[in-house]
Amino acid sequence: MKKLPADWFLRARLKFRHLQLLQAIDDHRNMHRAAQALTMSQPAASKLLTDLESALDLRLFERLARGLEPNWYGQVLIRHARMVLAELNQAGEELSALMAGEGGAVTIGTVMAPAVDAVLGAVESVRYARPGLLISVQIDTSDTLIQKLLDAKLDMAVCRIPLGADPTSFLYEEVGEEELCFVVGAGHPLAGRAQINLDDLVDQAWVLQPRGTLLRRRIESLFQAVNLPIPRQVMETSSVFMSLAAVARNQSITVVVRSVANLFETPDRYCTLPFKDVISVEPFGLVRLRNKMLSPGASAVFEALQQALGANRPIQP
């Protein structure tokens, strides 16, 4: 039994037409009908098969009176030819769907507030128009989302470009600031008060994002600006849902953006404290990588986000 080099099959350089011929012969077991199926002449089909067997140095079919019958070698090659052709056909369908914007997958990253209203509205509008498009939404902090953009794990993000990130790597459309509000459980001692000042909040228990995050820094700066001590009774979590769950279970205060508060506020469970001043954090925007081309589906999602967020300003460098 002869020993073949490891790469002998690759060196045979099978062509796409060879694979089609193998499948057609297996379907019809007759060279004339196989040639007709491939819209080629019988002599051309016979030569193609001869060339294939010569390149492999293997006989693949038995020439019988009733037609062509694949031997063991032919059966193996036919099985794999069918698999390759099926995969290529599927690839073609996926590419066609992508070009039409009807298929593929899009991944969006967002900070919490826009995910509640604008992002979900944009996703729903695109899903209605392109039901074959798989859209996933990841909620996280801006630092994490920007890194995922750079790692090609996201197509776009609704967030801020943090300090230390190279802004020239991104296309950025500013959306606006986020208004913050203080939220407590319905049974909290401060619930129902007509007016709240920072002095009333210093000695309260808090549920806040971890130190160094944008929201945490903003709250600490409020107290520092009026020479009040920063709250010390703090439970830290980056999850809005964990914050709200903790507030509902005990007498503590958390800070969320106004859109989230509006979504969850109910008289018997949560309420927002009437603070005298409007508190906001720095603007966020719609961000994507400058040098990455969006697929048709991702472009549709990006345009829907622009409309939903009102981010139609010129893209900043």
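Everything numeric here is computed off the predicted structure, so don't read it as measured data.

Moving on: the pattern of salt bridges. Side chains carrying opposite charge are able to pair once their charged atoms draw close together. All chains considered together, the criterion is met by 13 salt bridges. Here D26 and R82 are joined by a salt bridge, their closest N and O atoms 3.1 Å apart. Taken together, the residues span a long stretch of sequence, with D26 in helix α2 (residues 16-28) and R82 in helix α5 (residues 72-99) at a distance of 56 residues. For R82, a relative accessible area of 29% puts it in the partly exposed group. Taking the shortest distance from any N to any O, the salt bridge between R193 and D200 comes out at 3.4 Å. Of the residues examined, R193 reaches a relative accessible area of 36% and is grouped as partly exposed. Connected via shared salt-bridge partners are D26, D27, R29, E69 and R82.

A word on the nonpolar core. Counting residues in each nonpolar core, the largest one holds 35 residues, and the members touching the most others are F182, L201, W206, F223 and V255. Considering each element in turn, this core owes the most residues, five residues, to strand β6 (residues 170-185). In this structure, F182 is in contact with L201, W206, I219, L222, I253, T254, V255, C271, T272, L273, F275 and I279, ignoring residues within four places of it in sequence.

Within the fold, R79 resides in helix α5. Given a relative accessible area of 46%, R79 falls into the partly exposed group. Spatially, the C-alpha atom of R79 lies 8.5 Å from that of Q23, the residues being 56 residues apart in sequence.

Our next topic: the confidence of the model for the protein chain. The predicted coordinates should not be examined in detail at positions where pLDDT is low. Counting all residues, the mean pLDDT for the protein chain is 85, and 90% of those residues have values of 70 or more. Confidence, expressed as mean pLDDT per element, reaches its minimum in the protein chain at helix α1 (residues 8-11) with 65 and its maximum at strand β5 (residues 156-159) with 94.

Two faces belong to every sheet, and in a regular strand the side chains alternate between them. Across the 11 residues of strand β11 (residues 279-289), nine count as buried, placing the element largely inside the fold. Across three bridges, the pairing between β5 and β11 is antiparallel. Across the sheet, the residue bridging to V158 is L286, located in β11. Note: β6 against β11, nine bridges, orientation antiparallel. Opposite E179, over in β11, you have S280 as the bridge partner.

On the surface, F16, V84 and L88 cluster together to form a nonpolar patch covering roughly 260 Å² of accessible area. If you trace the backbone, F16 turns up in helix α2. Its relative accessible area of 45% is what places F16 among the partly exposed residues.

Turning our eyes to something else, we now look at the pairing of β6. Of all 16 residues making up β6, 13 are buried, and the element is well covered by its neighbours. In the sheet, β6 pairs with strand β9 (residues 252-257) via five bridges, with the strands oriented antiparallel. Across the sheet, residue C181 finds its bridge partner in β9, namely V256. By the bridge criterion, three bridges tie β6 to strand β10 (residues 270-272) in an arrangement that is antiparallel. Paired with G185 across the two strands is Y270, which belongs to β10.

In this section: the packing of α2 against helix α4 (residues 42-56). Across the interface, α2 lies against α4 with an axial gap of 10 Å and an inter-helix angle of 110 degrees. Considered as vectors, α2 and α4 are oriented roughly perpendicular to each other. Across the interface between the two elements, R17, H18, L21, L22 and I25 from α2 touch A45, L48, L49 and L52 from α4. For the contact of α2 with α4, a count of residues per class yields seven nonpolar, one polar and one charged.

Reading guide: rules and limits
Residues numbered from 1 in each chain as written. Predicted model: local features only at pLDDT ≥ 70, side-chain atom pairs only at ≥ 80, totals over all residues. Heavy atoms only, no water. Salt bridge = Lys/Arg side-chain N within 4 Å of Asp/Glu carboxyl O. Helix = DSSP H or I, 4+ residues; strand = E, 2+ residues; numbered from the N terminus. Buried < 20%, exposed > 50% of the residue type's maximum accessible area, 1.4 Å probe, protein only. Core = buried A, V, L, I, M, F, W, Y, C linked by side-chain atoms within 4.5 Å. Contact = heavy atoms within 4.5 Å. pLDDT = per-residue confidence, 0-100. Pairing = 2+ DSSP bridges. Patch = residues over 30% accessible without salt bridge, like charges linked within 9 Å, V, L, I, M, F, W, Y side chains within 5 Å. Areas by Shrake-Rupley, 256 points an atom, 1.4 Å probe, with all protein chains shown as cover. Axes fitted to C-alpha atoms, helices over the stretch in contact; angles between N-to-C directions. Parallel < 35°, antiparallel > 145°, perpendicular 65-115°, else oblique. Nonpolar A, V, L, I, M, F, W, Y, C, P; charged D, E, K, R; others polar.

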